[in-house]
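# Chain and residue survey
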Amino acid sequence: MPAGPAVSVGSVGITRAEQIAELRSKMAQIGGAVSGGGGDSAGFSGEIVAGEDVLGLGEQFRFLLPGGGLPRCAVTHMSDTPALVAEMLLHVVQAGGYAGVVGWPELSYAGIDKRHLNRIIAVPDPGVDPLGITAVLTEGLDLVVYRSPVELTLSPVRCRPLLGKLRKGRAALMMVGATVPSPALTVTGDVEAFHGIGRGTGRITGVDIRVRAQSKSAHPASATVTVGRAAETTASVGAPALKVVR
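So, here is what we can say about the structure in this document. All values reported here derive from a predicted model rather than from experimental measurement.

Quick notes on the rules
- Note that residues are indexed from 1 along each chain, following the sequence as it is written.
- At least 70 in pLDDT is required for a residue's local features to be given in this predicted model, at least 80 for side-chain atom pairs to be given and counted, and no such filter applies to totals for whole chains, interfaces and linings, which use all residues.
- The basis for every side-chain value is the complete set of non-hydrogen atoms in the structure, without hydrogens or water.
- Helix numbering and strand numbering both begin at the N terminus, where a helix is a DSSP run of H or I of at least 4 residues and a strand a DSSP run of E of at least 2.
- Only protein chains enter the calculation, and the probe is 1.4 Å; a residue is then buried if its accessible area is under 20% of its type maximum, exposed if over 50%, and partly exposed in between.
- For this analysis, residues touch if any pair of their heavy atoms sits within 4.5 Å.
- Surface accessibility in these figures is a Shrake-Rupley result with a 1.4 Å probe; residues are shielded only by whichever protein chains are displayed.
- When DSSP finds two or more bridges between two strands, those strands count as paired.
- Just to be clear on terms, a salt bridge is a Lys or Arg side-chain nitrogen sitting within 4 Å of an Asp or Glu carboxyl oxygen.
- The angle between two axes is taken between their N-to-C directions and runs from 0 to 180 degrees, where each axis is a line fitted to C-alpha atoms and a helix contributes only its stretch in contact.
- An angle below 35 degrees is read as roughly parallel, one above 145 as roughly antiparallel, one from 65 to 115 as roughly perpendicular, and any other as oblique.
- Less than a right angle of anticlockwise turn of the near helix away from the far helix marks a crossing as left-handed, whereas a clockwise turn marks it as right-handed.
- The handedness of a crossover follows from its direction of travel: if, with the strands pointing away from the viewer, the path from the first strand over the helix to the second runs clockwise, the crossover is right-handed.
- Here, expected helix span is obtained from the residue count minus one, scaled by 1.5 Å.
- In this description, one arc is meant: the one made by directions from the helix axis to the C-beta atoms.

## Concerning the overall build of the protein chain
Per the secondary structure count, the protein chain includes six helices and 13 strands. Counting only residues that meet the buried cut, the protein chain has 48% of its 246 residues in that class. Long-range contacts, defined here as pairs at least 24 residues apart, represent 64% of the contacts in the protein chain between residues at least 6 apart. Just so you have it, the protein chain exposes about 11,500 Å², and 54% of that area is on carbon and sulfur atoms.

Right under this line is the structure:
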């Protein structure tokens, strides 16, 4: 399911300036505190905040991630694990936060209730300046996800404008397929099992993902996170978990 159900912003036929203006307009419509020149931003807070500098992601991540969530005003490197990213987006918007997704048209939002989809600004085609579009979104959202279609290593010079805007806001920036020097956090996820399907029957109702988190200030931590319906619910109807074989 592509990014259509969210608040989508396209780039076909419009200039970069027009696209940035549209992004700021969308953020203003959903409640984003965005300065006209890309300066200070009040951002969003409230229930989703696990700590002053951390974006909370719910109970499953509370003891796995340093401080209980993703670092605000900083970069998290994330493995290309769509189900895990979608789960994090789900927790942010359900708790009243706002998010943006840049360059990931294939990402599914099927698990997010329609009532919360208008809290996500999706830019499936960011055009020739995806990092610039990402930087604009960090001005007024809680979580911004940028996915590069190719492996991308950013030099300190190239990522400086993006990091400058990121530090002025309160967003947590998650980068998939792109790296910056010295990220605040690195998260990897590997699918371990699927719930809800047996031998030729059922449908996937949950996914077990082994998640590992490594930050600059804490020891590595790992745990299994269940995405979707809990394993106990699946087991009660007699559908075994399908293991992933590598």
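## Comments concerning the pairing of strand S6 (residues 99–102)
Side chains of S6 alternate between two faces, with Ala99 and Val101 and Gly100 and Val102 buried alike. Inspection of the sheet shows S6 paired to strand S7 (residues 120–123) by four bridges, in the parallel sense. Residue pairing for S7: Val102 is matched across the bridge by Val123. Here four bridges tie S6 to strand S8 (residues 143–153), and the two strands are oriented parallel to one another. Residue pairing for S8: Val101 is matched across the bridge by Val145.

## Structural notes on the pattern of salt bridges
Here the idea is simple: oppositely charged side chains can pair when their charged atoms come close. What the rule picks out here adds up to seven salt bridges. A salt bridge links Arg115 to Asp113, with the shortest nitrogen-to-oxygen separation between them at 3.0 Å. A relative accessible area of 32% places Asp113 in the partly exposed class. Sharing partners across several salt bridges, the network here consists of Arg24, Glu139 and Lys165.

## Describing the packing of helix H4 (residues 130–137) against helix H5 (residues 156–168)
In contact at an axis separation of 8 Å, H4 and H5 are set at 15° when each is read in the N-to-C sense. Taken together, the axes of H4 and H5 lie roughly parallel to each other. H5 is crossed by H4, and the crossing has right-handed handedness. Between H4, through Leu131, Thr134, Ala135 and Val136, and H5, the contact on the second element is made entirely by Arg158, Leu162 and Lys165.

## What to know about the environment of Thr138
If you trace the backbone, Thr138 turns up in the loop between H4 and S8. Judged by its relative accessible area of 1%, Thr138 is buried. Once the C-alpha coordinates of Thr138 and Arg170 are considered, the two residues, 32 residues apart in sequence, prove to be 7.4 Å apart. Sequence-distant contacts of Thr138, that is, excluding residues within four places in its chain, are made with Val144, Lys165, Leu166, Gly169, Arg170 and Ala171.

## Overview of the pairing of strand S9 (residues 172–179)
The buried fraction of S9 amounts to seven of the eight residues, a majority that puts the element mostly inside the structure. The sheet contact formed by strand S5 (residues 74–78) and S9 spans five bridges and is parallel. Pairing of His77 across the sheet is with Met175, part of S9. Of the pairings in the sheet, the one linking S8 to S9 comprises seven bridges and is parallel in character. Bridge pairing in S9 links Thr153 to Thr179. Remark: the S8/H5/S9 crossover connection has right-handed handedness.

## With respect to helix H1 (residues 16–30)
Its 15 residues place the ends of H1 21 Å apart at the C-alpha level, agreeing with the 21 Å of an ideal helix rising 1.5 Å per residue. If you check which residues of H1 are buried, you get Gln19, Ile20, Leu23, Met27 and Ile30. When H1 is viewed along its axis, its buried side chains cluster within an angular range of 100° and face the same direction. Looking at H1, the residues exposed on the side facing more than 90 degrees away from the buried face are Ala17, Ala28 and Gln29.

Functional significance is not addressed by these values, which are geometric in nature.
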